[in-house]
Structure formats: structure tokens, C-alpha cells
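These are the residues of each chain, in order.
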Amino acid sequence: MRSMLTPGKATCILGAQFGDEGKGKFVDLVAQDAQLVCRVQGGNNAGHTIWVNGQKVVTHLLPSGILHPHCEVAIGAGVVVDPLVLRDEIIRLMQQGFDLAPERVHIDYRATAILPAHKAQDLKREFERSKTGAAIGTTGRGIGPAYASRAQRDAPRLSDCVTPGFLESFAQSEQALAEGFTPEILTETIEACNFLRPYLKDVAMLVHNRLNDGASVLIEGAQGGLLDLAYGTYPFVTSSNLIAGACPGGLGMPPTRIGTITGVAKAYATRVGHGPFPGELSGALEQLIREKGHEFGSTTGRSRRIGWLDLVALRYMTCVNGYESIALMKSDVLSGLDHIGIVTAYKDKRSGTVMNAWPMTQTAWENIEPVVEFMDGWSEVLNSKGQLDPALDAYVRRIEEWIGVPVVYVSTGAERTAGIWRNSR
Ligand code: IMP
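So, a few notes on the structure that sits alongside this text. Because the structure is a prediction, the values reported are computed rather than measured.

Quick word on the pairing of strand β15 (residues 339-348)
- The buried fraction of β15 amounts to eight of the ten residues, a majority that puts the element mostly inside the structure.
- Bridge count between strand β13 (residues 305-310) and β15: two bridges; the pairing is parallel. Bridge pairing in β15 places leucine 309 opposite isoleucine 342.
- Bridging between β15 and strand β17 (residues 368-376) involves nine bridges; their strand directions are antiparallel. Across the sheet, the residue bridging to lysine 347 is glutamate 369, located in β17.
- In this structure, β15 lies alongside strand β16 (residues 354-355), joined through two bridges in antiparallel fashion. Its bridge partner being in β16, lysine 347 is matched across the sheet by valine 354.

A few points about unusual backbone geometry
- Backbone torsion omega between tyrosine 234 and proline 235 reads 5 degrees, so that peptide bond is classified as cis.
- Of note, proline 235 is situated in the loop between β10 (217-220) and α9 (247-251).
- Here the phi dihedral of glutamine 223 falls at roughly 55 degrees; this positive angle occurs in a residue that is not glycine.
- Structurally, the position occupied by glutamine 223 is in the loop between β10 and α9.
- Exposure remark for glutamine 223: the relative accessible area of 10% places this residue in the buried category.
- Positive phi outside glycine occurs at lysine 330, with the angle close to 60 degrees.
- For lysine 330, the location among the structural elements is in the loop between β14 (325-329) and β15.

Brief notes about the environment of cysteine 38
- Mapped onto the elements, cysteine 38 comes out in strand β2 (residues 36-39).
- C-alpha of cysteine 38 to C-alpha of proline 63: the two residues are 25 residues apart in sequence and 6.1 Å apart in space.
- Look past the residues within four positions of cysteine 38 in its chain and what remains in contact with it is Pro63, Ala74, Val217, Leu218, Ile219, Glu220 and Leu251.

Criteria and thresholds
- Residues numbered from 1 in each chain as written.
- Predicted model: local features only at pLDDT ≥ 70, side-chain atom pairs only at ≥ 80, totals over all residues.
- Heavy atoms only, no water.
- Buried < 20%, exposed > 50% of the residue type's maximum accessible area, 1.4 Å probe, protein only.
- Helix = DSSP H or I, 4+ residues; strand = E, 2+ residues; numbered from the N terminus.
- Pairing = 2+ DSSP bridges.
- Contact = heavy atoms within 4.5 Å.

This is the structure we're talking about:
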């Protein structure tokens, strides 16, 4: 494996589709050589599943770097943190045998706290939207309302929540965000914040110091660029910015410290929740891929929608994020299919115009259909010499031709060791 890391720089590994691309496994691989792995946006709407020696490890807030004992991990100020969820996650992972002492886990004091009222608002707004058929299909974790109240400067930060007496008086105040603090929830939240207190630090300065000391830092994106608040399929998106340009802001790191940027895409596409999804499949093929790829949300357990890989979207994401390479995940899930589809353009159903640009309006989205090209499938991902099957290799080359950047890694199975590095410099 070649290292993608540079001492004194931060490497960004970001989802290039609608999330659930398999970033956890890829970050875990690259993190072997990193000293610090960071989350910079989102919250516990994310979920990473990594298989290590047959043990399933799921994280929602902590970066996948925790699996490597030598790695420190950090949660930047751009993340929204549910104190109860983070406390429970730390305890659960410690019970699984991971060392999560405050010396190696750093959480920014300035991260926004998700409160009971945010979760209630999230569910209520989704219910209201569903009455007019406009539901987004949020994870219900209070992410959007927490970011909204941060923008309105109403939400408390973790630094407030650990200030003695703060939560007690906040819960008794007249403000709308105090709703939902029953005596039990208030007590539990105070306990969770007390538990988190030793983990709270000035993460921006910590990152600054580590980089100055020559550490290799990894920024692990949550969700995927097509769910970016501004550049995704708005309004069917999450409520934070996910593109590479937003990463330094979520950590308090200067953009000049970014080293390389890699996009992670699956060999097919999935989406949870509502919104445009060119190339979406239905029927037996959809079921087959869903079952084989275990495409059920690790956060909500919802069935993921399944589609062919969309090269229009991947090229758009490559431009907006500046990916310098791609990691292609889950190629093994497509094994055994005679033909593999790949979306190469969109067609306006009304005019018949074929486009390969990202649609800009809701009306444009409603009127496109995908142009799908079919390529030969592969029965096994690897040949007897351990090389990529020629049909899979051709598929990977087609992606590279289309987006103009190399596919450096092809994952060929769920385990850490299942994958091939390509185009090593
Ligand atoms: P929210 O982030 O809970 O507000 O959900 C907004 C949209 O983003 C919904 O369609 C969710 O299904 C989707 N979403 C949020 N987080 C993830 C993720 O980690 N993976 C995939 N989809 C996500």
C-alpha cells in the first residue's frame, strides 16, 4: 500500500456520492500511517461500519482512526454533537476493547450541542413536510435544527454544557430550545457532559501544533458530496457543507494545510432518503444488490435505494472537490452480473436534449432520465494471480477516462485486507 499522507499536511478523504460509500474502511486503511484522524462536519447522522478480524465496529461520531491504537482522533468545531450519543459511543467502543482515553480523543469545546428539542423539531418538521409530499427523509437525529439554531446563535456549545449550572438554568428558561428537558433527560445530559468534560480541548490549536510537529493528519468526511447543503441535490441534502473547501473550516485549520484530496465512491450508487437519483434501479436487480451489499443504513436501518454508478455526478464532484484520486469500493458486490450499467449523461425527457452537466433547477431534475451505457460484468473480482479481473479493470479505466483522475484503490471485499492499490506513484 502506498501512503497517501504527507507529514505536516491534512489528507481529506470524502464521500463522492450520497454517503455510505465505504469511507470507513478506506479511512481505516489510510489511517494506519496517520497520527491524527478528524471529523469536521455532520453529527450522528453518519455511520461507519468496519469489519476487523470478523468483529463489526460501528461508529457514528468518532472517526474510524480509533481502530489504530497509535492514532489520536479529533472532532472539530464544525460537528454537531449529541452528548448522550457521544458518551454512549465512547463507552460501547471501550467495552469492545478500544482505548478511548481523553489523551487520544479530542473534542472541540466549540462544537454545537444537539438538544432534545432539536431531535423533536427534526421529527416534527419531517412529519409536516410529509403531508405535502416534501419530506427529505432525514435521519431524525436533530442535525438540521441544531445547525439552524447555531446559525441563529441560540444553540449552546459543548463549552456551555460543561459549565457548572448552565444546563440546569437553560432547561428552566423560557426559550424554545429548553423544551424536552424532562428531569430524567436533564440529569442524563448533565452526566453525559460531565463524562465528556476531560475530552474537550481547543482542537484547532491541537491540530495546528500537531501539523507543526510534522504529524500526518487525516480528515474523514461524513455523508457524501451529493448531500452537500449548497452543491448537492438541494433541498434533499443534509445541513452541513461536505465539500473539500469546507473541511478546514470545520476544524479551524488553514486551507493551505490541505495535502491531497481523495473521493470515495462505490462501484454502484446508493441513496437513503428522498431526492433525485439518476440511474436508480428497481425490482429483482435492486433487491439483489441491496442484499449482497448489505445496503441498509447503519444509523437508521432503512433500506438504501440502489442505482448504477453515475459518472455525470462523479465528474461534477471531482470538479467541485478537486479530488486527486478516487477509491472505488464494493466492486465485489457486482460480481456475477452479466452487464454493469454506468450513467454517462442525462437526457431531458421533454426535449430529448442530452446533457452531461449537473442540473441547476428542481424542474430540470424532475425532467431528466439517465443515459445508461452497459459494460461486461465480472464473475470474480480477482483472477488467479490476484489481479483485477479484465472486465472490472476495464470498468475502472472507463471511470478514470471519464473523470480524469486515477482510481488508486479498488476494494474487493469487506475485510480490511481485501483490496488492490493501483497507479502507485
Ligand atoms: P439529516 O442529515 O439527518 O438531516 O438527513 C438529510 C438527508 O441526508 C437524508 O436524506 C438522510 O438520509 C441523508 N443522510 C444524512 N446522513 C447520512 C449518511 O451518513 N449517509 C447517507 N445518507 C445520509
